[in-house]
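Report on the structure
In case you want the letters, here they are:
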Amino acid sequence: MGNKINIRNKKAYHDYEIMEKYVAGIQLQGTEIKSIRMGKVSLIESYCLFENKELYVRGMQIADYAWGSFNKHTPGRDRKLLMTRHELKKLKRKTRESGHTIVTLKLFISDSGYAKLEIGLAKGKKEYDKRETIKRKDTQRQLDRLQKIK
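Thresholds, definitions, all that
Residues numbered from 1 in each chain as written. Predicted model: local features only at pLDDT ≥ 70, side-chain atom pairs only at ≥ 80, totals over all residues. Heavy atoms only, no water. Helix = DSSP H or I, 4+ residues; strand = E, 2+ residues; numbered from the N terminus. Buried < 20%, exposed > 50% of the residue type's maximum accessible area, 1.4 Å probe, protein only. Contact = heavy atoms within 4.5 Å. Lys, Arg positive; Asp, Glu negative; His and termini not counted. Charge placed at Lys NZ, Arg CZ, Asp CG, Glu CD. Salt bridge = Lys/Arg side-chain N within 4 Å of Asp/Glu carboxyl O. Patch = residues over 30% accessible without salt bridge, like charges linked within 9 Å, V, L, I, M, F, W, Y side chains within 5 Å. Areas by Shrake-Rupley, 256 points an atom, 1.4 Å probe, with all protein chains shown as cover.

The helix and strand tally for the protein chain stands at four helices and nine strands. Element order for the protein chain, N to C, with α for helix and β for strand: β-α-β-α-β-β-β-β-β-α-β-β-α. Principal axes of the C-alpha set define a box for the protein chain whose edges measure 60 × 40 × 25 Å. Out of the 150 residues belonging to the protein chain, those deemed buried represent 36%. Sequence separation of at least 24 residues holds for 68% of the intrachain contacts in the protein chain that already meet a minimum separation of 6. Charged side chains in the protein chain number 35 positive and 18 negative. The centres of these two groups are separated by 2 Å.

The next subject is the environment of Pro75. Along the chain, Pro75 falls in the loop between strand E6 (61-62) and strand E7 (79-82). Filtering out sequence-adjacent residues up to four positions away, Pro75 remains in contact with Met60, Gln61, Ile62 and Asp64.

Counted by the stated rule, this structure contains 12 salt bridges. The salt bridge partner of Lys21 is Glu118, with a shortest N-O separation of 3.8 Å. Taken together, the positions of Lys21 in strand E2 (residues 16-26) and Glu118 in strand E9 (residues 115-124) put the pair 97 residues apart, joining distant regions of the chain. What makes Lys21 partly exposed here is its relative accessible area of 49%. Note on Glu118: relative accessible area 10%, which makes it buried.

The grouping of Leu143, Leu146 and Ile149 at the surface amounts to a nonpolar patch, some 340 Å² of accessible area in total. Looking at the element boundaries, Ile149 is found in helix H4 (residues 127-149). What makes Ile149 exposed here is its relative accessible area of 70%.

Given below as structure tokens:
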């Protein structure tokens, strides 16, 4: 498709170490898909949680659709994620381990036109881990610059 929507949560990669990645569908209402196609989504404060054996994403902000009428949606509501029962059981088991959580990584539109959310099983980074990651990226950037000059 010509519509390349790819909204990333850069803060998640900075604050967490991603162990595993999964792709889940999202149950949307009203004009939410139109707002997503316009790129009016924020994933910064979003995370996933289990309620009654179902996985929901909380904190994902989808802005109001400007041309919507009576069928508008609530921007910050919890949205159900659509995954297989096997994947849900596996995620629930792993989140019971200490320090593991499920964070949102990327929102995109699939080739079939559906909104998909890439989520990751993550473990929080300590402050020294974050500094080490920044140092590693800086040295890699410097090496790339030197190779580009030669």
